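Structure at a glance
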Amino acid sequence: MKELTQENYYQDKEYLSYSRMKQFLKCPARALAVEGGAWIESRDETPLLLGNYVHSYFESQEAHEAFLKENGDKLISKAGKTKGQLKKEFLIGDSMIASLKDDPSFNRLYHGSSTENVEKEMIVYGEIEGVPFKGKLDSVNLTQGYFADLKTMKSIYDMEWNAELRRKVPTAVNNILGFGYHSQLAIYRDLLKQMTGDEFRPIIVAVSKEEVPDKEVIRIDEEWLEEGLEEVKETIKEVWDVIQRKVEPIACGHCDYCRSQKKLNSIVTLNNLIGD
Ligand SMILES: [Zn+2]
């Protein structure tokens, strides 16, 4: 197996990552087209930048400065009254940082104590169902045997409808299950075990993007971790076969890429649409 480092981590294509896997589950045809350069993704970079803005702050001063140096022009307003200042959507990042940085429990959890061995942005890799898999962990406390992932979300406690559970749940639930964080953390736990031989406890530190940010430390119950890992194991081989061109990718039929390829060749009825 190839050794992964901070330098080659993002270029590497020999391993599957959870975000890459999710793209292939959404639409295999699109994901292949994106990787092959045949389809250029257009997406709002703001949530990713905001997340990295907050993450890099808690990684280290050097990481935050490097992030600002690289992305500074995207964060700063270029016109109007606020010219030269941080854009409104990133000011919230400062509030999120402020809400965590002086919280003793957060600091203890995320940075550990001076005698503990805590690694930030730790790369983990190994195999899941025989497929090479990698991940990057925000903060791993190797002394205490747990890892913490910082997740930014719209809200934590606003109530939202969850179609699968058929009831309203706090936004954090939809965020965790919707983005598959329970699967992601279960994979990371498995990879950490493969690397160290030890069982680690996964923890989410959630911080909201509300004007006055909310925060919570969330433990994913064992049953959800197990279910999350099972879901990955059920689909990972199919995904890997598509990546390795062993099977033809299926097109979802409805994403931007599929719409761009669409030709009208049949008629749908109203009942077809209702049943869809
Ligand atoms: Zn598609």
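Worth saying up front: this structure is predicted, and the values here are computed from it rather than measured.

A few words on the pairing of strand β2 (residues 131-141). Here strand β1 (residues 118-128) pairs with β2 via 10 bridges, running antiparallel. Bridge pairing links Glu127 to Pro132 in β2. What sits between the antiparallel neighbours β1 and β2 is a turn of two residues, in which Glu129 has the positive phi angle 50 degrees. Bridge count between β2 and strand β3 (residues 146-153): three bridges; the pairing is antiparallel. Paired with Val140 across the two strands is Phe147, which belongs to β3. Between the end of β2 and the start of β3, which pair antiparallel, lie four residues, with Gly145 showing a positive phi angle near 75 degrees.

A few words now on the packing of helix α3 (residues 46-59) against helix α5 (residues 88-101). Two quantities define a packed helix pair, namely the angle between the axes and the distance from one axis to the other. One way to put it is that α3 packs onto α5 with a least axis distance of 10 Å and a crossing angle of 30 degrees. Of the possible angle classes, the one that applies to α3 and α5 is roughly parallel. The handedness of the crossing between α3 and α5 comes out as right-handed. Within the contact between the two elements, α3 uses Thr46, Leu50, Tyr53, Val54 and Tyr57 and α5 uses Glu89, Phe90, Gly93, Met96 and Ile97. Among the residues making up the contact of α3 with α5, the classes are represented as seven nonpolar, two polar and one charged.

Across the sheet, five strands lie side by side as β1-β2-β3-β6-β7; this open sheet has mixed pairing. Every interior strand has two partners, whereas the edge strands, β1 and β7 (215-219), have only one. Averaged over neighbouring strand pairs, the angle between their axes works out to 40 degrees when direction is ignored.

This next bit is on the pairing of β7. Sheet faces and side chains relate simply in a regular strand, where the side chains alternate between the two faces. Strand direction decides the pairing type here: strand β6 (residues 201-208) and β7, joined by five bridges, are antiparallel. Residue Ile203 lies in a different strand from β7, and its bridge partner there is Arg219. Linkage of β6 to β7, two consecutive antiparallel strands, is achieved through a turn of six residues.

Turning next to the nonpolar core. Soluble globular proteins: nonpolar side chains tend toward being buried together. Core analysis: the biggest nonpolar cluster contains 49 residues, and Phe147, Ile187, Tyr188, Leu191, Val205, Ala206 and Val239 have the highest contact counts within it. Per element, the largest residue contribution to this core is seven residues, and it comes from helix α8 (residues 181-196). Contact partners of Ala206, with chain neighbours within four places excluded, come to Lys151, Met153, Ile156, Ala172, Lys215, Glu216 and Ile218.

Analysis parameters
- Residues numbered from 1 in each chain as written.
- Predicted model: local features only at pLDDT ≥ 70, side-chain atom pairs only at ≥ 80, totals over all residues.
- Pairing = 2+ DSSP bridges.
- Helix = DSSP H or I, 4+ residues; strand = E, 2+ residues; numbered from the N terminus.
- Axes fitted to C-alpha atoms, helices over the stretch in contact; angles between N-to-C directions.
- Parallel < 35°, antiparallel > 145°, perpendicular 65-115°, else oblique.
- Left-handed = near helix turned anticlockwise from the far one by under 90°.
- Contact = placed C-beta atoms within 7 Å.
- Nonpolar A, V, L, I, M, F, W, Y, C, P; charged D, E, K, R; others polar.
- Core = buried A, V, L, I, M, F, W, Y, C linked by C-beta atoms within 7 Å.
- Buried ≥ 20, exposed ≤ 12 C-beta atoms within 10 Å, placed from the backbone.

Everything listed here is a matter of coordinates, which is why it stays silent on function.
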